[in-house]
Amino acid sequence: MISIITINYNDKKGLEKTLSSIKSQIFKQIELIIIDGNSNDGSKIIIDRYDKIITKKIIEKDNGIYDAMNKGIKLATGDFLFFLNSGDTLLNDLSLNNVSKKLTKKNNGYFFNAIIKSHNLEYKSPRKYNKKYYKINNKFIPNHQAVLFPRIFYSKNLYDISMKICSDVDYIFRLSLSNNLYYFDINFVYFELGGVSSNFKKFSKTLNQIREASYIFSKYKPFRYDILMYIKAKFLIKFFLHNLFSSNYYKIIKFLNRLKN
């Protein structure tokens, strides 16, 4: 059994895309949990439309995305769990069927490829990654939507709601330290850029990302000044690129990712 948690707030178009991709799956051993922050844009109509495939749902105000994710975790009972939030979709009808064949050990975590989408651009993350077993890395963190968390981990771990942007990175770090985390080169999900962690329009938000990311890396790795400087430089560069080259920002990021990988 695989639990899918979908978080939504006022994104009815994205929600319908996500639920449609789940409904089309050949693999049917799914527990689908919807957490909606009491949307007022018609999302509830979409939820009702897909009621037959929804196992559990909560429709109420929350204290941000990580609080909503924790509500979903507390309802989950699957052997594995992953998040497919509004606007994100499974790659095709065989996506869950293909990855389920790799979930051979229930106590392990697994991650696969995410296809990043934005402004008619697509690129794979990770672009190149040959290691089967993953250890926390200073420069590469698996895409959150492409990680399957085992029940032994998620049943004892919640997202740190004191963080507003990088709590998903913290959660993956904890998984990597407490469980084996394996990678398979299978394209799994489409991930739409533009969420809280990929929005660099406001400088105050960029500063919060730097603070949270620096805290996480200091928490799980021995202090290294060069790593903290890399984190600061990374977010500041993205902020300035976003504001200087707004229309071409994602083309530049795609090019930089090719160089990095």
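All of the points below concern the structure found in this document. Just so it is clear, the structure is predicted and the values come from calculations on it, not from any experiment. (Residues numbered from 1 in each chain as written. Predicted model: local features only at pLDDT ≥ 70, side-chain atom pairs only at ≥ 80, totals over all residues. Heavy atoms only, no water.)

**Some thoughts on the packing of aromatic side chains**
Moving on, step 1. Evaluated as defined, the whole model comprises 13 aromatic pairs.
Moving on, step 2. Ring plane angle 80° and centroid distance 5.6 Å describe the contact between Phe83 and Tyr159, whose orientation is recorded as edge-to-face. Placement of the pair is Phe83 in strand 4 (residues 80-83) and Tyr159 in the loop between helix 5 (151-154) and helix 6 (167-178), with a sequence separation of 76 residues. As far as the burial class goes, Phe83 and Tyr159 line up, both buried.
Moving on, step 3. Consider the rings of Tyr110 and Tyr182, whose centres lie 6.3 Å apart with planes at 35°: the pair is tilted. Placement of Tyr110 in strand 6 (residues 109-118) and of Tyr182 in strand 9 (residues 181-192) is noted, with a sequence separation of 72 residues between them. (Phe/Tyr/Trp six-rings, centres within 6.5 Å; stacked < 30°, edge-to-face > 60°. Helix = DSSP H or I, 4+ residues; strand = E, 2+ residues; numbered from the N terminus. Buried < 20%, exposed > 50% of the residue type's maximum accessible area, 1.4 Å probe, protein only.)

**Concerning the side chain of Ser43**
Moving on, step 1. Counting through the fold element by element, Ser43 comes out in helix 2 (residues 43-49).
Moving on, step 2. Among the polar contacts made by the side chain of Ser43, one reaches the main-chain amide nitrogen of Lys12 at a distance of 3.5 Å.
Moving on, step 3. For Ser43, the residues in contact, after removing those within four places along its chain, are Asn8, Asn10, Asp11, Lys12, Leu15 and Asp36. (Polar contact = N/O pair within 3.5 Å; in protein donor to acceptor, adjacent residues only side chain to side chain. Contact = heavy atoms within 4.5 Å.)

**With respect to the side chain of Asn113**
Moving on, step 1. Secondary-structure assignment places Asn113 in strand 6.
Moving on, step 2. Within polar-contact distance, the side chain of Asn113 engages the side chain of Asn187 at 3.0 Å.
Moving on, step 3. Leaving out residues up to four positions away in the same chain, Asn113 has contacts with Lys124, Ser125, Pro126, Ala146, Tyr183, Phe184, Asp185, Ile186, Asn187, Phe188 and Val189.

**A look at the nonpolar core**
Moving on, step 1. Residues Phe82, Leu96, Phe112 and Phe188 are the most contacted members of the largest nonpolar core, which totals 33 residues.
Moving on, step 2. The set of elements that each furnish at least two residues to this core consists of strand 1 (2-8), helix 1 (12-23), strand 2 (30-36), helix 2, strand 4, helix 4 (95-100), strand 6 and strand 9.
Moving on, step 3. Here this core gets 5 residues from one element, more than from any other, and that element is strand 9.
Moving on, step 4. With 24 residues, the next largest nonpolar core counts Ala76, Phe153, Tyr154 and Ile172 among its residues. (Core = buried A, V, L, I, M, F, W, Y, C linked by side-chain atoms within 4.5 Å.)

**Description of helix 6**
A turn of α-helix holds 3.6 residues, and therefore any two residues three or four places apart point the same way.
Moving on, step 1. For helix 6, which comprises 12 residues, the first-to-last C-alpha distance of 17 Å matches the rise-based estimate of 16 Å (1.5 Å per residue) to within 8%.
Moving on, step 2. Where burial is concerned, most of helix 6 is hidden: 9 out of the 12 residues are buried.
Moving on, step 3. For helix 6, the set of buried residues is Ser167, Asp168, Asp170, Tyr171, Ile172, Phe173, Arg174, Leu175 and Ser176. (Expected span 1.5 Å × (residues − 1).)

**Things to note about the environment of Arg49**
Moving on, step 1. By secondary structure assignment, the location of Arg49 is in helix 2.
Moving on, step 2. Note: C-alpha distance between Arg49 and Leu19 (30 residues apart in sequence) is 9.7 Å.
Moving on, step 3. Among the polar contacts listed, one links the side chain of Arg49 to the side chain of Glu16, at a separation of 2.9 Å.

**What to know about unusual backbone geometry**
Moving on, step 1. Cis geometry marks the peptide bond from Ser125 to Pro126; its omega dihedral reads -5°.
Moving on, step 2. Looking at where Pro126 falls in the secondary structure, it is placed in the loop between strand 7 (121-125) and strand 8 (147-150).
Moving on, step 3. A positive phi is found at Asn10, a non-glycine position, where the angle reads about 55°.
Moving on, step 4. Of note, Asn10 is situated in the loop between strand 1 and helix 1.
Moving on, step 5. On the basis of relative accessibility, which here comes to 31%, the residue Asn10 falls in the partly exposed class.
Moving on, step 6. Even without being a glycine, Asn38 presents a positive backbone phi close to 65°.
Moving on, step 7. Looking at the secondary structure, you find Asn38 in the loop between strand 2 and helix 2.

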